[in-house]
Amino acid sequence: MENKKFISPAGFGIAVISFSLPWAGIQCSGQTLERYSGVQLSNRFPVLWIVLAIAVFLTVAFFYFNSTKKLYERKDLFSWGGIIAIGTIVVSYVYAESSGIDFMGEKIPLKEVGFRFEFGIIPEIVGLIAGIIGVSFFSEGKGLPPGKE
């Protein structure tokens, strides 16, 4: 398939869309009390805005570098961008796990409030991974698929 390189912008595009889906939830007695999207979590943990910024930037950058036929030369940008975005999510979770969340002026550990990941985090992570994997299909010196230049 000649257009495998489009896996990368598709993955980062999925990550952009998934940012608005529920990433985390709070449960009590098996019932979900609250769900938080990537946007809502970013309001509590502003560093998460980096994930959205990277996903948007890399989606747009793909089409720019593809049109200038410099996509292969910039493949490290896409790889590192995806890795940084995933790392930001992981570090934010570890921070939240260690510091807890504010509830009525008290810090409460995540496990005590019934924290759980929601379905939106899955396409976010999968999209970022697909964006990284898609880099392996970038062809040197070619903006268009072979035979279409």
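What comes next concerns the included structure.

Thresholds, definitions, all that
- Residues numbered from 1 in each chain as written.
- Predicted model: local features only at pLDDT ≥ 70, side-chain atom pairs only at ≥ 80, totals over all residues.
- Heavy atoms only, no water.
- Axes fitted to C-alpha atoms, helices over the stretch in contact; angles between N-to-C directions.
- Helix = DSSP H or I, 4+ residues; strand = E, 2+ residues; numbered from the N terminus.
- Parallel < 35°, antiparallel > 145°, perpendicular 65-115°, else oblique.
- Left-handed = near helix turned anticlockwise from the far one by under 90°.
- Contact = heavy atoms within 4.5 Å.
- Expected span 1.5 Å × (residues − 1).
- Buried < 20%, exposed > 50% of the residue type's maximum accessible area, 1.4 Å probe, protein only.
- Pairing = 2+ DSSP bridges.
- Phe/Tyr/Trp six-rings, centres within 6.5 Å; stacked < 30°, edge-to-face > 60°.

1. A few points about the packing of helix α3 (residues 49-67) against helix α4 (residues 75-99)
At a closest axis distance of 9 Å, the pairing of α3 and α4 adopts a crossing angle of 165°. With respect to each other, α3 and α4 are oriented roughly antiparallel. Judged by the twist between their axes, the crossing of α3 over α4 is left-handed. Between α3 and α4, the contacting residues are I50, V51, I54, F57, L58, A61, F62 and F65 on the first element and L77, F78, G81, G82, I84, A85, T88 and I89 on the second.

2. Side note on helix α1 (residues 7-18)
Taking 1.5 Å as the rise per residue, α1 with 12 residues should run 16 Å; its terminal C-alpha atoms sit 16 Å apart, in good agreement. Those residues of α1 that sit buried are S8, P9, G11, F12, G13, A15 and S18. Residues of α1 that are buried in the fold lie against β1 (22-28), α3, α4 and α5 (121-134).

3. So, the environment of A61
In this fold, A61 is placed in helix α3. For the pair A61 and L77, spaced 16 residues apart in sequence, the C-alpha to C-alpha distance is 9.4 Å.

4. Some thoughts on the pairing of β1
Counting buried positions along β1 gives five out of seven residues, so the element sits mostly inside the fold. Where β1 meets strand β2 (residues 31-37), six bridges bridge the pair, whose relative direction is antiparallel. From the neighbouring strand, I26 faces β2, where its bridge partner is E34. Hairpin geometry of β1 and β2 is characterised by an intervening segment of two residues between the two adjacent antiparallel strands and by a positive phi of about 55° at S29.

5. A word on the packing of aromatic side chains
Summed over the entire model, instances satisfying the criterion amount to 12 aromatic pairs. When the ring of F19 is compared with that of W49, the centres are 5.8 Å apart and the planes differ by 40°; the resulting orientation is tilted. With a gap of 30 residues between them, F19 in the loop between α1 and β1 and W49 in helix α3 connect regions that are remote in the sequence. On the basis of relative accessibility, which here comes to 1%, the residue F19 falls in the buried class. On the accessibility criterion, W49 (34% relative accessible area) is partly exposed. Here the aromatic rings of Y93 and F117 are separated by 5.2 Å at their centres, their planes lie at 45°, and the arrangement is tilted. With a gap of 24 residues between them, Y93 in helix α4 and F117 in strand β5 (residues 115-117) connect regions that are remote in the sequence. On the basis of relative accessible area, F117 is assigned to the partly exposed category, the value being 46%. Taken together, the ring pairs connect F6, F62, F63, F78 and F138 into an aromatic cluster.

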